[in-house]
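Analysis of the macromolecular model
Single-letter residue listing:
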Amino acid sequence: MTTANILENSVKPTSLQATDYPFYYMWHIASQSQRCIRDAIVSYDLSWQHWRIIFLLNDRDGLTIKELASEVLIDATTLTRILHSMEERKLLARKKGSGDQRYTKIHLTSDGRAMYQRIIPIVLRQLDSALLGLDDADKQTLDRILRKMKENVYRSPFDNPSD
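Residues numbered from 1 in each chain as written. Predicted model: local features only at pLDDT ≥ 70, side-chain atom pairs only at ≥ 80, totals over all residues. Heavy atoms only, no water.

What you tend to see is this: most non-glycine residues have negative phi, and most peptide bonds are trans. Here the phi dihedral of Asp-45 falls at roughly 55°; this positive angle occurs in a residue that is not glycine. With respect to the helices and strands, Asp-45 occurs in the loop between α2 (22-41) and α3 (48-59). With a relative accessible area of 56%, Asp-45 lands in the exposed category. (Helix = DSSP H or I, 4+ residues; strand = E, 2+ residues; numbered from the N terminus. Buried < 20%, exposed > 50% of the residue type's maximum accessible area, 1.4 Å probe, protein only.)

And the structure:
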C-alpha cells in the first residue's frame, strides 16, 4: 500500500510500512535540513534552538514566552534558559507589555537582527537545495498541503473518532 493509496483513497490499512508513512519523510527532511543549517551556523556560536527563536522573532517580534514556546516547540523552562543566554549575548531583550504589565514580551535587538541577516542566506540556500526540482506549482501545492496538515495535527483524531 503506497502513501498515495492511503492519502487519496482513504484506505484504512491494518499495517504501515515506514516508506508509506508521510511523517517518515518529514522526519528525514526536517532532521537533515536542521543538521545542515546547524553545522553551517556553528561558527556563529548559535544552536539550532537559537536560530529558531531568532527566525521567529524576526517575523513576529514581541511574542510572550508562552507564545514563543508554542511556536518554536520548546518547553517554557528550557526556553527561559535559552532566552537568558541569548539576552546575555544581546541578541534579544525582554520588555514588559505596554497594555498588561504581567506579560513579558521578547524582542530582537539590533544585534539579533544583524545575526538574522548573517544566517538567513544559509537557511535560504538549504531551502533551495531541499526544493530542487520542484516548479512553482509544486511549491504552492506543497505549501498548501503543509499548512493544512499543520492545522489538522492540532486537532486530536481521538476527540471525535469516526469509527
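So, next bit.
Moving on, we come to helix α4 (residues 65-72). All of the buried residues in α4 are Ile-65, Leu-68, Ala-69 and Val-72. In a view along the axis of α4, the buried residues occupy a sector of 100°, so they form one face of it. (Arc of directions from axis to C-beta.)

With that out of the way, let us pick up the confidence of the model for the chain. One rule of thumb: low pLDDT means the predicted coordinates there are not for detailed reading. Per-residue confidence for the chain gives a mean pLDDT of 89; residues scoring 70 or more make up 88%. Highest mean pLDDT in the chain belongs to helix α6 (residues 110-130) (97); lowest belongs to helix α1 (residues 3-9) (57). (pLDDT = per-residue confidence, 0-100.)

Next up on the list: the packing of aromatic side chains. A ring pair, where both rings are aromatic, is described by two values, the distance of the centres and the angle of the planes. Counted according to the given criterion, the structure contains five aromatic pairs. Note on Tyr-24 and Tyr-25: the rings are 5.1 Å apart at their centroids and 85° apart in plane angle, and the pair reads as edge-to-face. For Tyr-25, a relative accessible area of 40% puts it in the partly exposed group. Three or more aromatic residues joined by ring pairs make a cluster, and in this case those are Tyr-21, Phe-23 and Trp-27. (Phe/Tyr/Trp six-rings, centres within 6.5 Å; stacked < 30°, edge-to-face > 60°.)

So, on to the nonpolar core. Trp-51, Ile-53, Ile-54, Leu-57, Leu-68, Leu-79 and Leu-83 are the most contacted members of the largest nonpolar core, which has 28 residues in total. Only α2, α3, α4, α5 (76-88), β3 (104-108) and α6 provide two or more residues apiece to this core. Sort the elements by how many residues they give to this core and α3 lands first, with six residues. Discounting residues that sit within four places of it in the chain, Leu-83 has contacts with Ile-53, Ile-65, Leu-68, Leu-92, Arg-94 and Ile-106. (Core = buried A, V, L, I, M, F, W, Y, C linked by side-chain atoms within 4.5 Å. Contact = heavy atoms within 4.5 Å.)

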